[in-house]
Amino acid sequence: YCDDKYLLWEEPAGNYKVEVFALDNGGNGSARLTNYFEYLPFTGFEKDFTAVSYGEVLLNTHKKISGDLTWNNAVPTVRNTGNTRAQLYIAQDDMGLGQSSGAWNVQFDGRIGNAEDDWVVFDPFKYKTVAGNPAEANWTPLLEILDLSEMEEVDFSILVKKWPDASTSYTGSMWLSAEQGADLVCS
């Protein structure tokens, strides 16, 4: 005898117990066979945007870009595609804005969801002209953790503190990553 059962991609990682038994035509059951398997953890996410355009930015004024809960409309949205809760991390370069007196001329903010107190402020981790990806110490965690299969808006903000050249158009790179988030705990 055999039977196929499927575990959905979004079922939580962990240990699963499987019990099987057979019944004959007379309703007599066999002994139960018990086995265990581990569904290995995989943390993943996807995003529905390829760029964040801040548009025209004024000096010393936060310019916010709001996400939404509609997938595939180029407005920032993220969703958990793993079988663990996902803690998202962000890093950005300086977009060519540089530093003045040892302080970055630009500051960024990010959040998942729309809670006003979930904004996380962070500086660039490198100059745009310096090659390389973020090291472990360069990542900034976003506060809200994505639950299994959860889709949520992601918002960004930029604050330019000093223009090296206000007539120049600035672009840069943003990195997003994820690690397994803390398990839910019943209180």
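Treat the numbers as computed from the prediction; the structure is a model and nothing was measured. (Residues numbered from 1 in each chain as written. Predicted model: local features only at pLDDT ≥ 70, side-chain atom pairs only at ≥ 80, totals over all residues. Heavy atoms only, no water.)

Observations regarding a nonpolar patch on the surface
Argument step 1. A contiguous nonpolar patch, built from Leu7, Val18, Val20, Leu33 and Phe37 and spanning about 400 Å² of accessible area, is present on the exposed surface.
Argument step 2. Of all the secondary-structure elements, those providing two or more residues to the nonpolar patch are β1 (14-20) and β2 (33-39).
Argument step 3. Position of valine 20 among the secondary structure elements: in strand β1.
Argument step 4. In this structure valine 20 comes out as partly exposed when scored by relative accessible area, which is 44%. (Patch = residues over 30% accessible without salt bridge, like charges linked within 9 Å, V, L, I, M, F, W, Y side chains within 5 Å. Areas by Shrake-Rupley, 256 points an atom, 1.4 Å probe, with all protein chains shown as cover. Salt bridge = Lys/Arg side-chain N within 4 Å of Asp/Glu carboxyl O. Helix = DSSP H or I, 4+ residues; strand = E, 2+ residues; numbered from the N terminus. Buried < 20%, exposed > 50% of the residue type's maximum accessible area, 1.4 Å probe, protein only.)

Thoughts on the sheet that holds strand β6 (residues 86-92)
The pairing of strands in a sheet happens through backbone hydrogen bonds and is either parallel or antiparallel.
Argument step 1. With antiparallel pairing, the three strands of this open sheet are ordered in space as β11-β6-β13. The open sheet has two edge strands, β11 (140-141) and β13 (174-180), and neither has a second partner.
Argument step 2. Relative to β13, β6 runs antiparallel, the two sharing seven bridges. Counted as the bridge partner of isoleucine 90 is leucine 176 from β13. (Pairing = 2+ DSSP bridges.)

Some thoughts on the pattern of salt bridges
Argument step 1. Enumeration according to the criterion identifies seven salt bridges in this entry.
Argument step 2. With a closest N to O distance of 3.3 Å, glutamate 19 and lysine 17 form a salt bridge.
Argument step 3. Glutamate 19 sits in the partly exposed class, given a relative accessible area of 38%.
Argument step 4. In this structure, a network of salt bridges that share partners links the residues Lys64, Arg111, Glu116 and Asp155.

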